[in-house]
2 protein chains.
Amino acid sequence: MVGLDNFFNAKKIAIVGVSKEPNKVGHVIFRNLIDSNFKGKIFVVNKNADTILNYKSYPSLTHIKEKIDLVIIAVPAEFVIGIIHDCYKTKVHHVVIITSGFSEIGNYKLENKLRDLMNKYRIKCVGVNGLGVFDAYTKLDTLFLPRYRLQRPKEGGISFVCQSGAVGSTILDLGTEQGYGFSKFISYGNATNVDESDLIDYLGNDEKTKVICLYVEGIKNGRKFIEIAKKVSKKKPIIALKGGITEEGSKATLSHTGSLAGAANVYMGIFKQCNIIKADSLQDMFNYARILEKSIRPMGSKVQVITNGGGFGILSTDAIINNELKMAELNKDTKNRLTKIFPKIVIISNPMDLVGDADTNRYKLAIEACIEDNNIDVLLIILLYQTPLITTDVIDVITEINDLKKKPIIVVSTGGEFTEVLKKNLEMNGVPTFTFPEDAVKSIKQLVNYYESKS
Amino acid sequence: MVGLDNFFNAKKIAIVGVSKEPNKVGHVIFRNLIDSNFKGKIFVVNKNADTILNYKSYPSLTHIKEKIDLVIIAVPAEFVIGIIHDCYKTKVHHVVIITSGFSEIGNYKLENKLRDLMNKYRIKCVGVNGLGVFDAYTKLDTLFLPRYRLQRPKEGGISFVCQSGAVGSTILDLGTEQGYGFSKFISYGNATNVDESDLIDYLGNDEKTKVICLYVEGIKNGRKFIEIAKKVSKKKPIIALKGGITEEGSKATLSHTGSLAGAANVYMGIFKQCNIIKADSLQDMFNYARILEKSIRPMGSKVQVITNGGGFGILSTDAIINNELKMAELNKDTKNRLTKIFPKIVIISNPMDLVGDADTNRYKLAIEACIEDNNIDVLLIILLYQTPLITTDVIDVITEINDLKKKPIIVVSTGGEFTEVLKKNLEMNGVPTFTFPEDAVKSIKQLVNYYESKS
């Protein structure tokens, strides 16, 4: 059987359809691959050019003497079939087809023909009508979006299987800005012969993937999906956002990826059955991915809030109760310990209000005490950087305690430029951070739920 | 009757309790006032110093020969009463008391004594135990938070009445970063003799305030609040977030601002009765403020989506239906007009998918056509900047159409650094912008609801 590994670990890549025009899709992909520090070898196919960006241009795949692992196809739809014949001749079994103009515009005939041919030749295809793949580790990158407009993320544990190129790539971009780490991103478009289930199956076995995100409009094969998702969700969390959950939205999916969106309740039933975490919005998915990638397993649902702003403690408490989590009750020992060292104005309770003049050391003492308190399962730290006594080494303090991996630690910081810089630093150091307490708590709920339902 | 105008428009301000220590509250306030370009005159009271930052220091208020409009008090709690006597002697009727250590730590006796004295002297007080006030127009600024940690916003239409200093100041900071414009911010702490109702009443008559945000833990006088809020919400939207909505959260409010939070359903009933827009989270409040400040009145609830990413069109559609708004149906004329000028690949429907190769001109044509279509009440534009053909002058195109004030225009852009720069520019130009489609739609719902229930 032909696996999917070459989509991410190909050493020799050929791009078919590289124009000399710098704005054309094939050219942008080629340029991005060069710029991405991709370690493998790149071949360019364009019969009308001798060289492109100082690379030799081959008239066709069959002229390349080396064995190609992956072919990226960016030619007009009517020429794709011809390229597939060349792939067969050169023993290529993996293609990424960026080209659109198939079932999504009603051209089922051409897509069916293409599928039959690829299946006959045992060629696996990511696409058609997708952005293709991005791997943060190998730097394999077929996204035809300029790097100054779409940042590429650092290495990490989130993989994203995405039926919409726009949804996936913008989230990749936003996540990069906020310090997320990614493993693999796949925009699989029409899923001509590799579908979401195949990709989830692959990612389930990928050691670098800690959490799988899925944006799906229509699942191709429900039975296959259930079987695979059930198996994979036992190993790692799958977060799914379903596009076209309403009748009106469902109509729109048909012209987007040629998907029959299907009834919402059927999908919700499938997600539940497979222990898939359902995201109700793009933001939810984004938030859940952040916490599920970084957090260790919580031992229960008792949350302790530590804050330097009273209102935030109250809003967090409301959110904890509304999300059916529990407010931890501090151990007597913890209370005694902290009463001895804290000034009277500190409220040693839950929420624990370190008040506005809290400095980094007060946070350190509070967090250290709570980490050792068996009544506490999860630590929600509100860290408002606006007050002058919080020094920036609070980042190191929290990172060091978080690195001990004793309990999930989640940090909320709300603010402008100064806050954002520190928040991103903490996120890059492996601590999930949020702007708003309610989002943080909602995400903690998913974290607790996932591990509870797994056990 | 003593009005509240001096809290925002005072020309001569005295700060009592300015230490020479640069980290102390009084000193930070003084320094911030100097740095803020406050146009009025500042007096400093500290009997242990001759000069502070080259300003003459007075031994007491009574030594200042000029008439003071507003006194900012930042001395320990036990000295506050003495200062109030001095205020009386010098005919001061407005004080901002930053000092804490009153009812919020159980010291009801001192706060009651203070209140009685101020009422006797006809002195109005913002505080105690609050951050005080900030006015973006007059630059009057009592926030004791360093400007590099807490950015001060540009002039605009949002005013924020906030019982929690932390909640208010962080939102001010975050809003500044995202291009929000503010009018007034008041952190009124324990509401010793000026409460949320007084402030809402004042802001209702303030021409510069377009929308009022309220974070409240406990309303002091329900009947007064209802009377005032009912009146003001007819003039401009009031958005309220209630802290301590759960029993557990309510307990926490007692030690925060000494508030009895009261039953959630009572509050929700009051909000509904007064046509107050209820925010369920800090993020909701933040989002609703953005749209309600900037948007004109929509004529109905029919939303047209324009996008360059199909998945976003679908998620927006789902959100529109889930929020009980309506999907607009394009007029025949609009369809014909656009069919003539757009390439076949564009989906002229709702959502209107301009597809990935859309350039600025395609957006211009689409928006212009939709602005003139009577079947459309609100325009939701998904503008993903990752694709290479969108030039940055799309900002000018949208701003110019938005400035005609024909229909509310809301823009969603998801992404990293490049996106954020352009998004902020659009926001600064008066167009409400969102990162996620679901947040945008939820906020459009509030906009439509407010004007519907007002009429």
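Residues numbered from 1 in each chain as written. Chains lettered and ligands numbered in written order. Predicted model: local features only at pLDDT ≥ 70, side-chain atom pairs only at ≥ 80, totals over all residues. Heavy atoms only, no water.

**Digging into the overall build of chain A**
Counting its regular elements, chain A contains 16 helices and 19 strands. Its C-alpha atoms give chain A a radius of gyration of 25 Å, near enough to 23 Å, the size a compact globule of 455 residues would have. Judged by the C-alpha coordinates and their principal axes, chain A covers about 80 × 50 × 35 Å. Considering only intrachain contacts with a sequence separation of at least 6, the fraction spanning at least 24 residues in chain A is 73%. Looking at chain A as shown, the accessible area adds up to about 17,000 Å², and 49% of this sits on carbon and sulfur atoms. Distance from the positive charge centre (59 side chains) to the negative charge centre (50 side chains) of chain A: 7 Å. (Helix = DSSP H or I, 4+ residues; strand = E, 2+ residues; numbered from the N terminus. Rg over C-alpha atoms; globule rule 2.2 N^0.38 Å. Contact = heavy atoms within 4.5 Å. Areas by Shrake-Rupley, 256 points an atom, 1.4 Å probe, with all protein chains shown as cover. Lys, Arg positive; Asp, Glu negative; His and termini not counted. Charge placed at Lys NZ, Arg CZ, Asp CG, Glu CD.)

**Section: the environment of Leu447(A)**
All names here are of chain A. With respect to the helices, strands and loops of the structure, Leu 447 is situated in helix 16 (residues 437–454). A relative accessible area of 0% places Leu 447 in the buried class. Placed 107 residues apart in sequence, Leu 447 and Lys 340 show a C-alpha to C-alpha distance of 34 Å. (Buried < 20%, exposed > 50% of the residue type's maximum accessible area, 1.4 Å probe, protein only.)

**Examining a negative patch on the surface**
A cluster of acidic side chains, namely Asp393(A), Asp396(A), Glu400(A) and Asp403(A), defines a negative patch on the protein surface. Structurally, the position occupied by Asp393(A) is in the loop between strand 17 (378–382) and helix 14 (394–403). (Patch = residues over 30% accessible without salt bridge, like charges linked within 9 Å, V, L, I, M, F, W, Y side chains within 5 Å. Salt bridge = Lys/Arg side-chain N within 4 Å of Asp/Glu carboxyl O.)

**With respect to the sheet that holds strand 4 (residues 55–58) of chain B**
Adjacent strands of a sheet pair through backbone hydrogen bonds, lying either parallel or antiparallel. All names here are of chain B. Read across the sheet, seven strands follow the order 3-4-2-1-5-6-7 without closing on themselves; strand pairing throughout is mixed. Unpaired on one side and paired on the other, strand 3 (51–52) and strand 7 (124–127) mark the two borders of the sheet. Taken together, the two bridges between strand 2 (residues 41–45) and strand 4 define a ladder with parallel strand orientation. Across the sheet, Val 45 pairs through a bridge with Tyr 58, a residue of strand 4. The strands touched by helix 2 (residues 25–35) are strand 1 (12–16), strand 2, strand 3, strand 4 and strand 5 (70–73); relative to strand 1, the strand with the most contacts, the crossing angle is about 155°. (Pairing = 2+ DSSP bridges. Axes fitted to C-alpha atoms, helices over the stretch in contact; angles between N-to-C directions.)

**Overview of the packing of aromatic side chains**
Any two aromatic rings considered together are summarised by their centre-to-centre distance and by the angle between their planes. Counting across every chain of the model gives 22 aromatic pairs over all chains. For the pair Phe8(A) and Tyr202(A), a centre-to-centre distance of 5.1 Å together with 20° between the ring planes defines the contact as stacked. In this pair, Phe8(A) sits in helix 1 (residues 6–9) while Tyr202(A) sits in helix 6 (residues 196–204), placing the two residues 194 residues apart along the sequence. Phe8(A) sits in the buried class, given a relative accessible area of 0%. Among the residues examined, Tyr202(A) registers a relative accessible area of 15% and is labelled buried. Between the aromatic rings of Phe436(A) and Phe286(B), the centroid separation amounts to 6.0 Å while the plane-to-plane angle is 55°, which identifies the pairing as tilted. With Phe436(A) in the loop between strand 19 (433–434) and helix 16 and Phe286(B) in helix 10 (residues 282–294), this pair bridges two chains. When sorted by exposure, Phe436(A) lands in the same class as Phe286(B), which is buried. Taken together, the ring pairs connect Tyr180(A), Phe182(A), Phe286(A) and Phe436(B) into an aromatic cluster. For the cation-ring pair, Arg290(A) lies above Phe434(A), with the distance from its terminal atom to the ring centre recorded as 5.2 Å. The aromatic ring of Phe8(B) is capped on one face by Lys184(B), whose charged end is 5.7 Å from the ring centroid. (Phe/Tyr/Trp six-rings, centres within 6.5 Å; stacked < 30°, edge-to-face > 60°. Lys NZ or Arg CZ within 6 Å of the ring centre and 35° of its normal.)

**Let's talk about the relation of the copies chain A and chain B**
Expressed as a screw operation, the relation of chain A to chain B combines 0.0 Å of axial shift with a rotation of 180°, fitting to an RMSD of 0.0 Å. Here the symmetry operator amounts to a two-fold rotation axis. Using C-alpha coordinates, one finds that chain A approaches the rotation axis most closely at Gln283(A), a distance of 5.9 Å. Both copies present the same face, since 100% of the interface residues in chain A are matched by interface residues at the equivalent positions in chain B. (Least-squares fit on C-alpha atoms with pLDDT ≥ 70 in both.)

**Some words on the domain arrangement of chain A**
Per the domain assignment, the segments of chain A are domain 1 (1–130), domain 2 (150–294) and domain 3 (297–454). Averaged C-alpha coordinates put domain 1 of chain A and domain 3 of chain A at centres separated by 49 Å. (Domains from an automatic or database assignment.)

**Looking at the interface of chain A and chain B**
Facing 66 residues of chain A, the contacting portion of chain B comprises 66 residues. Buried surface at the junction of chain A and chain B, both sides included, amounts to about 5,100 Å², of which 68% is carbon and sulfur. The interface formed by chain A and chain B includes zero salt bridges. Taken together, the links from chain A to chain B amount to 24 residue pairs in polar contact (both at pLDDT 80 or more). Mapped onto the side of chain A that touches chain B, the elements with two or more residues apiece are helix 5 (165–177), strand 12 (238–242), helix 8 (247–257), helix 10 (282–294), helix 11 (310–322), helix 15 (417–428) and helix 16 of chain A. Top contributing element to the side of chain A that touches chain B by residue count: helix 11 of chain A, with nine residues. Grouping the constituent residues of the side of chain A that touches chain B by class yields 29 nonpolar, 25 polar and 12 charged. (Buried area = accessible area lost by both parts, 1.4 Å probe. Polar contact = N/O pair within 3.5 Å; in protein donor to acceptor, adjacent residues only side chain to side chain. Nonpolar A, V, L, I, M, F, W, Y, C, P; charged D, E, K, R; others polar.)

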